[in-house]
Amino acid sequence: MKLLAPLAGLALLAGCASQGPYVNQHWSARSIGPRMSRAFLSYDPENDGSYREFQWKKKQAINLTISRHLFNHNPENPFQAESSDFYKPRPNHSLLPDAYNYIHLEGLALGAIAYAGGAPAIIPLPLDSIIGTFEEGGTEEFVQGVGTFFRPLGVVTASFLHDGLGFPETKGSAWRGE
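Residues numbered from 1 in each chain as written. Predicted model: local features only at pLDDT ≥ 70, side-chain atom pairs only at ≥ 80, totals over all residues. Heavy atoms only, no water.

Attention now goes to the packing of aromatic side chains. With the rule as written, the count across this model stands at 6 aromatic pairs. Seen from their ring centres, Y43 and Y51 are 4.8 Å apart, and the 80° between their planes marks the pair as edge-to-face. Just as Y43 is buried, Y51 falls in that class too. Geometrically, the ring pair formed by Y51 and F54 is tilted, given 5.5 Å between the ring centres and 55° between the ring planes. Here Y51 and its partner F54 are both found in helix α4 (residues 51-69), 3 residues apart, which amounts to about one turn of the helix. Judged on exposure class, the residue Y51 and its partner F54 are both buried. Here the aromatic cluster, defined as three or more aromatic residues joined through ring pairs, consists of Y43, Y51 and F54. (Phe/Tyr/Trp six-rings, centres within 6.5 Å; stacked < 30°, edge-to-face > 60°. Buried < 20%, exposed > 50% of the residue type's maximum accessible area, 1.4 Å probe, protein only. Helix = DSSP H or I, 4+ residues; strand = E, 2+ residues; numbered from the N terminus.)

Now the structure itself:
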């Protein structure tokens, strides 16, 4: 009788161990990250695809809600003028070509919350965009957007150096985009 209680307790504790096929289920340590992302970010990697696409769709949904409720314009309404911006493909996930797409209202709202909490100024904090930037392929897209922003400045500088000052072209004229 004295041995039965400890053996029963040992049998119950042994039943709590996870096996290989059940590794991503609720009672394992590997399920914590995906469950937290679903709870806090409403992101489900199995259904939503990459985080950059997910956060872009979320920002577009916010834009649509604001357009409908504040500006009384619904781009999906066939009796109103079409909006060319609504159906555009997702731009580069980068801060510089169009900072509003990267920061968006979420970043401004989080910056205002930090300011209300004692921060010295409203500093936009776009969490979704930052998470998307650190996703696989996100840094390359971010750098590509920065390059798109600075390319005209590079062309003006290079054309001034080559045409205005007479520097020889050492790599051809591919930098001109011709």
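Here we take up α4. The end-to-end C-alpha distance of α4 is 27 Å, a good match for the 27 Å that 19 residues give at a rise of 1.5 Å each. Along α4, the residues classified as buried are Y51, R52, F54, Q55, W56, K59, Q60, L64 and S67. (Expected span 1.5 Å × (residues − 1).)

Attention shifts here to the packing of α4 against helix α5 (residues 99-116). Geometry of a packed helix pair, given as the angle between the helix axes and the separation of the axes. Put simply, α4 and α5 touch, their axes get as near as 10 Å, and they point 70° apart. When the interaxial angle is binned, α4 and α5 end up roughly perpendicular. For the crossing formed where α4 meets α5, the hand is left-handed. Between α4 and α5, the contacting residues are W56, K59, I62, N63 and I66 on the first element and Y100, N101, Y102, H104 and L105 on the second. In terms of residue class, the contact of α4 with α5 is built from 6 nonpolar, 3 polar and 1 charged. (Axes fitted to C-alpha atoms, helices over the stretch in contact; angles between N-to-C directions. Parallel < 35°, antiparallel > 145°, perpendicular 65-115°, else oblique. Left-handed = near helix turned anticlockwise from the far one by under 90°. Contact = heavy atoms within 4.5 Å. Nonpolar A, V, L, I, M, F, W, Y, C, P; charged D, E, K, R; others polar.)

Here we come to the pattern of salt bridges. Applying the stated rule across the entire model yields 8 salt bridges. With its nearest N and O atoms 3.2 Å apart, the salt bridge here joins D44 to R38. For D44, a relative accessible area of 14% puts it in the buried group. With a shortest N-O distance of 3.9 Å, D85 and K88 are connected by a salt bridge. The network of salt bridges with common partners includes R52, E53, R90, E135 and E141. (Salt bridge = Lys/Arg side-chain N within 4 Å of Asp/Glu carboxyl O.)

Going through the model one piece at a time under the given rule, you end up with 2 cavities of 30 Å³ or more. Space inside the largest cavity adds up to approximately 60 Å³. Lining the largest cavity, in full, are Q55, W56, K59, R90, P91, N92, H93, S94, N101 and Y102. Taken together, the elements giving at least two residues each to the lining of the largest cavity come down to α4 and α5. Residues belonging to the lining of the largest cavity are distributed by class as follows: 3 nonpolar, 5 polar and 2 charged. Space inside the second largest cavity adds up to approximately 30 Å³. What lines the second largest cavity is Q55, K58, K59, I62, H104, E106 and D128. For the lining of the second largest cavity, the elements supplying multiple residues, two or more each, are α4 and α5. In terms of residue count, the dominant contributor to the lining of the second largest cavity is α4 (4 residues). (1 Å grid on protein atoms, 1.4 Å probe; cavity = no way out; pocket = protein on both sides within 12 Å on 5 of 7 lines; lining within 4 Å. Points joined across faces, edges and corners; volume = space filled by probe spheres on them.)

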